[in-house]
Amino acid sequence: MKIIADQSLTHSDRPFKSAAGFSLIELLITLSIIAILFGMLVPTFKMVRGSAEKLMCASNMRMIHYGIHGYSNDNRRRLPYCFHSDQRRYQETMALTAMTDTFTGAQEWDGLGLLWRNSGGGSYLDSCQCLFCPSHHGQHHFADAEAELNSPMNSPQPALSTRKLYCNYQYAGDRDTTMTDRPLFDDGNNQTILVSDGLRTGSDFNHIMGGNALRGDGSISWYGNKSVGYNLERLPIDQEELTVKEQISFTKIWSSIQIEVGH
C-alpha cells in the first residue's frame, strides 16, 4: 500500500505572510480623513439643528395663537390683559406674572401667563411648555419654572406665584402702542405683531440671528433685520429694569420687527 505523506507537515519554501491588518501610518491617515470629514459636516449639522429649532419655535407660536384666540372668545374678543404693557414697561412683557397691590409679595398670572392660569380656572394651552423656545440659551428655561407652572389648579391660591416667572416670548400686550393705546381685539385680520421671540435683554434672545413673529391673523414670519441684532447688543445681559437709553433700543428693535414683518 502506498503511503501519502501529510502535506501539512512538509517543509515549504514559500515566505511567511503576516496576518492582514492596518499599520500605524495607515491608521493615522484614516483617522485624519475622518476628522476632516467630520469638521466639514459639523456646520451642516448646526444648520439642520437650527432649522429644526426654528420650526419648533413656530409651532409653539401657533399653539400660543390658538390660546389667544380661545381666551378672546371668552372675553369679548379682548386680548389677554398685560399689566406691564399697561404700565408702559414693554420690555417686561415676557413675564408670565406681575406684582399686584392686592397680594403683597406675590405675583399674579399676567400676559401670556393668563393662557395657562386665569381666574376662570381653565387653560387655553395644551401644555405650558409651548411658552418656552427650544433655542433659548439664557436664564429662563422651562425646567426652572415647571414646578410652579404645573401646580394643581385646586391648590391654595392657584393663580399666584411666589416669584416673577418669564417665558421665552415677547408679548405686545393688549393695547396698540402706535394708536394712542387703544385696546386690541382679536379680529382675525390684524397684521400687528402680537408675539415675538424674546427681546427683553441680550440673554433673552432665543436665536443667534433673527426670530419668529406672530401676527394677529395667526400667520408666522421669520425676521432677520440687521438693526435688530445691532440694537440687541446694547441691551443688558440680565436685569430687572432698563435705563432710558436701553428702553429706546428696545423700542427700536420692536419697531423694526413691526416694519419688517408686521403692518
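Scroll up for the structure.
Residues numbered from 1 in each chain as written. Predicted model: local features only at pLDDT ≥ 70, side-chain atom pairs only at ≥ 80, totals over all residues. Heavy atoms only, no water.

**Brief notes about the overall build of the protein**
Right, on to step 1. When helices and strands are counted, the protein shows 5 helices and 9 strands.
Right, on to step 2. Moving toward the C terminus, one meets the helices and strands of the protein in the order α-α-β-β-α-β-β-β-β-β-β-β-α-α.
Right, on to step 3. Residue pairs at least 24 apart in sequence account for 67% of intrachain contacts in the protein once pairs closer than 6 positions are excluded.
Right, on to step 4. When the accessible surface of the protein is split by element, carbon and sulfur atoms take 60% of a total near 15,400 Å². (Helix = DSSP H or I, 4+ residues; strand = E, 2+ residues; numbered from the N terminus. Contact = heavy atoms within 4.5 Å. Areas by Shrake-Rupley, 256 points an atom, 1.4 Å probe, with all protein chains shown as cover.)

**Brief notes about the nonpolar core**
Right, on to step 1. In terms of nonpolar packing, the biggest core is built from 30 residues, with Ile-64, Leu-96, Leu-112, Leu-131, Leu-149, Tyr-169 and Val-195 touching the most fellow members.
Right, on to step 2. Elements represented by at least two residues in this core include exactly α1 (24–73), α3 (142–149), β4 (169–171) and β7 (193–197).
Right, on to step 3. When residues in this core are grouped by element, the largest group, 5 residues, is from α1.
Right, on to step 4. Counting residues in hydrophobic clusters, the runner-up holds 11 residues, among them Ala-172, Phe-205, Phe-250 and Ile-257. (Core = buried A, V, L, I, M, F, W, Y, C linked by side-chain atoms within 4.5 Å. Buried < 20%, exposed > 50% of the residue type's maximum accessible area, 1.4 Å probe, protein only.)

**Examining the environment of Phe-132**
Right, on to step 1. Its location among the elements puts Phe-132 in the loop between β2 (107–109) and α3.
Right, on to step 2. Taking relative accessible area as the criterion, Phe-132 reaches 6% and is therefore assigned buried.
Right, on to step 3. As for Phe-132 and Cys-167, which are separated by 35 residues in sequence, their C-alpha atoms are 5.6 Å apart.
Right, on to step 4. Residues within four places of Phe-132 in sequence aside, it is in contact with Asn-60, His-140, His-141, Phe-142, Ala-145, Leu-149, Tyr-166, Cys-167, Asn-168 and Tyr-169.

**Comments concerning the pattern of salt bridges**
Right, on to step 1. Under the counting rule described, the total for this entry stands at 4 salt bridges.
Right, on to step 2. Across the salt bridge formed by Glu-92 and Lys-164, the nearest N and O atoms sit 3.2 Å from each other. Of the two residues, Glu-92 sits in the loop between α2 (83–86) and β1 (97–99) while Lys-164 sits in the loop between β3 (160–161) and β4, which places them 72 residues apart along the sequence.
Right, on to step 3. Assessed through its relative accessible area of 0%, Glu-92 is described here as buried.
Right, on to step 4. Glu-92 serves as the salt-bridge partner of Arg-200, at 2.8 Å between the closest nitrogen and oxygen. Separated by 108 residues along the polypeptide, Arg-200 in the loop between β7 and β8 (211–215) and Glu-92 in the loop between α2 and β1 bring together distant segments of the chain. For the pair Arg-200 and Glu-92, a shared accessibility class is recorded, and that class is buried.
Right, on to step 5. Salt bridges here are not isolated pairs; linked through shared partners, they connect Glu-92, Lys-164, Arg-200 and Asp-204. (Salt bridge = Lys/Arg side-chain N within 4 Å of Asp/Glu carboxyl O.)

**Concerning α3**
Right, on to step 1. Within α3, the full set of buried residues consists of Phe-142, Ala-145, Glu-148 and Leu-149. End-on view of α3: buried residues confined to an arc of 125°, all on one side of the axis. In α3, the exposed positions angled more than 90 degrees off the buried face are occupied by Ala-143 and Ala-147. (Arc of directions from axis to C-beta.)

**What about the sheet that holds β8?**
Right, on to step 1. The strand order across the open sheet formed by 4 strands is β4-β7-β8-β9, and the pairing between neighbours is antiparallel. The open sheet is flanked by β4 and β9 (220–223), the only strands paired with a single partner. Direction aside, the axes of adjacent strands within the sheet are offset by 25° on average.
Right, on to step 2. As judged from the 3 bridges shared by β4 and β7, these two strands associate in the antiparallel manner. Paired with Gln-170 across the bridge in β7 is Ser-196. (Pairing = 2+ DSSP bridges. Axes fitted to C-alpha atoms, helices over the stretch in contact; angles between N-to-C directions.)

**Observations regarding the side chain of Ser-85**
Right, on to step 1. Tracing the chain through its elements places Ser-85 in helix α2.
Right, on to step 2. In this structure Ser-85 touches Tyr-90, Thr-93, Ala-172, Gly-173 and Asp-174, once residues within four positions along its chain are discounted.

**Section: the packing of aromatic side chains**
When we look at a pair of aromatic rings, we describe it by the centre distance and by the angle of the planes.
Right, on to step 1. Within the structure shown, the criterion is met by 2 aromatic pairs.
Right, on to step 2. Aromatic pair Tyr-71 and Tyr-124: ring centres 5.7 Å apart, planes at 75°, arrangement edge-to-face. Taken together, the residues span a long stretch of sequence, with Tyr-71 in helix α1 and Tyr-124 in the loop between β2 and α3 at a distance of 53 residues.
Right, on to step 3. Relative accessible area serves as the criterion here: at 10%, Tyr-71 is assigned to the buried category.
Right, on to step 4. Positioned above the aromatic ring of Tyr-166 is the side chain of Arg-200, whose terminal nitrogen or guanidinium carbon lies 4.2 Å from the ring centre. (Phe/Tyr/Trp six-rings, centres within 6.5 Å; stacked < 30°, edge-to-face > 60°. Lys NZ or Arg CZ within 6 Å of the ring centre and 35° of its normal.)

**Comments concerning a nonpolar patch on the surface**
Right, on to step 1. Residues Ile-25, Ile-29, Ile-33, Ile-36, Leu-37 and Met-40 make up a contiguous nonpolar surface patch of roughly 630 Å² in combined accessible area.
Right, on to step 2. Along the polypeptide, Ile-33 turns up in helix α1. (Patch = residues over 30% accessible without salt bridge, like charges linked within 9 Å, V, L, I, M, F, W, Y side chains within 5 Å.)

Function-wise, these values are silent; they only describe arrangement.
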